[in-house]
Amino acid sequence: MRKRGEPITVLTAHDFPSAHVADAAGMDVVLVGDSLAMVALGMEDTSEVTVDEMLMHCRSVARATKSAFTVGDLPMGSYEVSPEQALQTAIRFVKEGRVQGVKLEGGKEMAPTIEKITRAGIPVLGHIGLTPQRQNALGGFRVQGKTCAGALAVLEDALAVQEAGAFGMVIEAVPAEVAGAITTKLSVPTIGIGSGSGCAGQVLVQVDMSGYFPPGRFIPKFVKKYGDVWSESYRAIEAYRDEVKGRQYPAQEHTYPIREEELEAFAKATEES
Ligand SMILES: Nc1nc2c(c(=O)[nH]1)N[C@@H](CNc1ccc(C(=O)N[C@@H](CCC(=O)O)C(=O)O)cc1)CN2
Ligand SMILES: CC(C)(CO)C(=O)C(=O)O
């Protein structure tokens, strides 16, 4: 259990085993992020992933999270058309995805949508600053709020998202000083990613922080690699390959016994045929 005032720990996980370890390790929130597209499905960006794909992964994660609050990310195209569309999608996330809350990207333009969903009793986590679903409009995965005007725009978004009823908001790739200052002006928590330690909580993608990617792959500056799951998996798979090829695996202890007389009878029965 998290103590009052302590930073909120959030981890993006996409399937049952990763969510299971995140929950066991005491994460406050597990987010089924649409980074799913890039991390688990091998897509170029997050714009391709569908509601049905997200829902399958939400269900998988939700089966594993016993104590972590579980949030599902509304994918691009499933909530921008109207607040009604967004509410319908959010309801599917709760009913079919079995999550407890939803996340959606956008600032003040999404306020009516956030209000609509929260009024229906579904907790909403906002997402401002760098909004990856809009990377084409932002000119790529670019740091936001780097100028006075840019920082003021992020602040305006934060206040609008809070006012609309969001229980918190992700602030992605905003200079630490700006994200910290915005955090002090809000009453709901900010969950930073690439936005410094002044946020009320932090989020990272589990695959990134545990090092489950090949050496040399590009990772954003904000990622700290706390583990080397790629190397460990690679080592294990190589050893398995070698032992199968060398007939060392499976060994006697990995097999099931049969009584001598049954085996003899079996040999006799098959000899005759
Ligand atoms: N796996 C993984 N995939 C992801 C995310 C993640 O968390 N991890 N999060 C979302 C994408 N977000 C980013 C944010 C920043 C960058 C990035 O590359 N930023 C430049 C900064 C560019 C600039 O200076 O403007 C850098 O060098 O860090 C890439 C994807 C979705 N996909
Ligand atoms: C990591 C985070 C919070 C930011 O891009 C996210 O939204 C995701 O996992 O999809």
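Bear in mind the structure is a predicted one, so any value in this text is a computation, not a measurement. (Residues numbered from 1 in each chain as written. Chains lettered and ligands numbered in written order. Predicted model: local features only at pLDDT ≥ 70, side-chain atom pairs only at ≥ 80, totals over all residues. Heavy atoms only, no water.)

Chemist: Would you explain the confidence of the model for the chain in this entry?
Modeler: Averaged over every residue, the pLDDT of the chain is 97; the share at 70 or more is 99%. Across the interfaces of the predicted complex, the ipTM metric reaches 0.97, alongside a pTM of 0.95. (pLDDT = per-residue confidence, 0-100.)

Chemist: Please clarify how unusual backbone geometry should be interpreted in this entry.
Modeler: Most peptide bonds take the trans form, and the phi angle of most residues other than glycine is negative. Omega for the bond connecting Y249 with P250 falls within 30 degrees of zero, at -5°, which places this linkage in the cis form. Positive phi, close to 60°, is recorded for R98, a residue that is not glycine. With respect to the secondary-structure elements, R98 resides in the loop between α4 (83-95) and β4 (101-103). Residue class for R98 comes out partly exposed when judged on its relative accessible area of 49%. (Helix = DSSP H or I, 4+ residues; strand = E, 2+ residues; numbered from the N terminus. Buried < 20%, exposed > 50% of the residue type's maximum accessible area, 1.4 Å probe, protein only.)

Chemist: Mind showing me how you'd approach the site of ligand 1 here?
Modeler: Among the 18 residues in the neighbourhood of ligand 1, the closest are listed as V143, E172, D208, F218 and K221. With respect to ligand 1, the side chain of D208 contributes an N or O atom lying 2.6 Å from a nitrogen atom. Look at ligand 1: alone it shows 680 Å² of surface, and the protein chains cover 79% of it. (Near = heavy atom within 4 Å. Polar contact = N/O pair within 3.5 Å; in protein donor to acceptor, adjacent residues only side chain to side chain. Areas by Shrake-Rupley, 256 points an atom, 1.4 Å probe, with all protein chains shown as cover.)

Chemist: Can you help me understand the sheet that holds strand β7 (residues 190-193) in this one?
Modeler: Strand pairing within a sheet occurs via backbone hydrogen bonds; the two strands may be parallel or antiparallel. Read once around its circumference, the closed barrel built from 8 strands follows the order β1-β2-β3-β4-β5-β6-β7-β8, with strand pairing classed as parallel. Strand after strand, the sheet turns through a mean of 25° between neighbouring axes, direction not considered. Bridge count between strand β1 (residues 8-12) and strand β2 (residues 29-32): 3 bridges; the pairing is parallel. Along β2, the bridge assignment pairs L11 with V30. (Pairing = 2+ DSSP bridges. Axes fitted to C-alpha atoms, helices over the stretch in contact; angles between N-to-C directions.)

Chemist: Is there a simple way to explain the layout of surface pockets in this structure?
Modeler: A water-sized probe rolled over the atoms picks out the places where empty space is left. Space inside the largest pocket adds up to approximately 860 Å³. Looking at the largest pocket, it is lined by 34 residues, and the ones nearest its centre are F141, E172, D208, P220 and F222. For the lining of the largest pocket, the secondary structure elements donating two or more residues are α2 (36-39), β6 (168-172) and β8 (201-205). Of the residues forming the lining of the largest pocket, the biggest block, 3 residues, is contributed by β8. Broken down by class, the residue content of the lining of the largest pocket amounts to 21 nonpolar, 6 polar and 7 charged. In this structure, the second largest pocket occupies an estimated 440 Å³ of space. In terms of lining residues, the second largest pocket is bounded by 21 residues, among which V10, L11, L204, M209 and Y226 are the most central. Elements with a contribution of two residues or more to the lining of the second largest pocket: β1, α1 (16-24), β7, β8 and α9 (206-209). (1 Å grid on protein atoms, 1.4 Å probe; cavity = no way out; pocket = protein on both sides within 12 Å on 5 of 7 lines; lining within 4 Å. Points joined across faces, edges and corners; volume = space filled by probe spheres on them. Nonpolar A, V, L, I, M, F, W, Y, C, P; charged D, E, K, R; others polar.)

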